[in-house]
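# Structural features, examined
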Amino acid sequence: MSENHTAPQQHAQPATGASRVPRFPDGPAADPAGSHHERRIRSFRPRRGRVTAGQGEALRRLWPRWGFDIDGLHRIDLGELFGDTELPVVLEIGFGMGEATAQMAAADPGTGILAADVHTPGQGTLLALAESEGLSNVRVANGDAIILLREMLAPASLSGLRVYFPDPWPKKRHHKRRLIQPEFLALAATRLRPGALLHCATDWEPYAEQMLEVLTASPYFENTQPDGGYAPRPDFRPLTRFEGQGIDKGHPVHDLLFRRAHGVEVTESIGAHATRAGGNPTPPAAAHTTPAGRTDVEAGRTAAETERVAPDVRRPAAGSAATGREARRTERLHPDAQDHPARP
Ligand SMILES: C[S@@+](CC[C@H](N)C(=O)[O-])C[C@H]1O[C@@H](n2cnc3c(N)ncnc32)[C@H](O)[C@@H]1O
């Protein structure tokens, strides 16, 4: 690992206040999509935290080449991003420190890994690893992966999606923050090609059960396991940092391997015009055609309909008191949180 643990630590500064100078002017923005104003319940807390000298150096030097902010303002051409229009691209949401991401990229140079997280130190580590190991197939996205999926990726553009050890949010009142929910799956399905692999793993048993339940119930995904259960740990997934901590605590680890179902056809694309100031962007929409040829109305919703039924993945209605309180509380309590929000 290229991270320098003995070097002086630096704090990544939020770039928002007028008097605050961003620590990395050409690096990851503190709040690229202004998501604090979105008032959507998020699956993460800001984790700018301490940045080592090595991570900072990697961010300054490599970010302009391999990193970008999830600002929700433009559509990404993945062929252009990776410099190869033929490269299949897999999105990894929440890479943490990125060691496992780098290992997977090294083991599979024929796949592009688009790695998204909000964790500034981890972004620095992953960039440094990509350089030291000569990985040309990793790109680092800073910000909320929901916005990346919703507004910046084209329909059916991804060949896979990896969510390894997402924050478990063990408290009941926090369950709404968990990433793997029906609304998230409906959004992700529109960005995945038919047959694309969705791979989740967790060491938190109740979350594993929830994942299996919502994935099994989703019309957009099919379990690769004939018995409808968890998958054996695939050889290609390395041990992750968070997983190691869970194993030390005696937690059982579960992998879930589902494929995006064929017959979920994207019928409408998100607009490249999507803006964060301009209200709801045109939503991702898909028509799920059952074997009997019935179109699933739920998947072909309009923006307004999607807003009503999928509050976690759509922009919230302006002025929603409850969600506003949530956002303000998160900001107040965790302006610079470094640790995982709730590691059981
Ligand atoms: C518990 S950590 C696991 C990290 C890593 N996968 C591992 O196993 O060591 C979950 C990570 O997901 C990130 N995360 C959660 N929700 C996210 C979102 N909507 N967009 C981007 N990153 C997110 C968090 O910042 C955190 O780094």
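Residues numbered from 1 in each chain as written. Predicted model: local features only at pLDDT ≥ 70, side-chain atom pairs only at ≥ 80, totals over all residues.

The test is simple: UniProt positions are given in the numbering used here, feature names are shortened, and annotations may be inferred rather than shown by experiment.
Going by what an unreviewed UniProt entry lists, the protein chain is known as tRNA (guanine-N(7)-)-methyltransferase and is assigned to Streptomyces zagrosensis. Listed in UniProt under the heading Sequence similarities (unreviewed entry), the comment for the protein chain reads: "Belongs to the class I-like SAM-binding methyltransferase superfamily. TrmB family." Quoted verbatim from the Pathway (unreviewed entry) field of the UniProt record, the comment on the protein chain reads "tRNA modification; N(7)-methylguanine-tRNA biosynthesis."

### Let's talk about the site of the ligand
What counts is decided by this rule: We call a residue near a molecule or strand when its C-beta atom, built from the backbone, sits within 6 Å of it. Secondary structure elements are defined from DSSP: runs of H or I of at least 4 residues count as helices, runs of E of at least 2 residues count as strands, and each element is numbered from the N terminus. The classification used treats Ala, Val, Leu, Ile, Met, Phe, Trp, Tyr, Cys and Pro as nonpolar, Asp, Glu, Lys and Arg as charged, and all other residues, Gly among them, as polar.
Close to the ligand lie 24 residues; Gly94, Gly96, Phe165, Thr240 and Phe242 are nearest. Elements that contribute at least two residues to the shell around the ligand include exactly β5 (112–117), α5 (145–152) and α8 (241–248). In terms of residue count, α8 provides more of the shell around the ligand than any other element does, three residues in total. Among the residues making up the shell around the ligand, the classes are represented as 12 nonpolar, six polar and six charged.

### A short note on the environment of glutamate 131
The condition is simple: A residue is called partly exposed when the number of other C-beta atoms within 10 Å of its own lies between 12 and 20, exposed at 12 or fewer, and buried at 20 or more, with C-beta atoms placed from the backbone.
With respect to the helices and strands, the residue glutamate 131 is situated in helix α4 (residues 120–132). Glutamate 131 gets classed as partly exposed once you count the C-beta atoms within 10 Å, which come to 16. Through-space distance from the C-alpha of glutamate 131 to that of tryptophan 66 is 9.9 Å; in sequence the pair is 65 residues apart.

### Things to note about the UniProt feature "binding site: S-adenosyl-L-methionine" (unreviewed entry) in the protein chain
This is how it is decided: Here contacts are defined at the residue level, using C-beta atoms placed from the backbone and a cut-off of 7 Å between them.
Residues annotated by UniProt as "binding site: S-adenosyl-L-methionine" (unreviewed entry) correspond here to Glu92, Asp117, Asp144 and Asp167. For the annotated residues, spread through 76 residues, the largest C-alpha to C-alpha distance comes to 13.9 Å, consistent with a single compact locus. As for its position among the elements, aspartate 117 is in strand β5. If near-sequence neighbours (up to four positions away) are discounted, aspartate 117 is found in contact with Gly94, Phe95, Gly96, Gly122 and Gln123. Summarising the element assignment, aspartate 167 is placed in the loop between β7 (158–164) and α6 (182–191).

### Here's the deal with the UniProt feature "binding site: substrate" (unreviewed entry) in the protein chain
Here the UniProt feature "binding site: substrate" (unreviewed entry) sits at Lys171, Asp203, Thr240, Arg241, Phe242 and Glu243. Summarising the element assignment, threonine 240 is placed in the loop between β9 (221–223) and α8. Residue threonine 240 is classed as buried on the basis of its C-beta count, with 23 C-beta atoms lying within 10 Å. Aside from chain neighbours lying at most four places away, what touches threonine 240 is Gly96, Ala100, Tyr164 and Phe165. Relative to the helices and strands, phenylalanine 242 resides in helix α8. Residue contacts for phenylalanine 242: discarding those within four places in its chain leaves Gly96 and Phe165.

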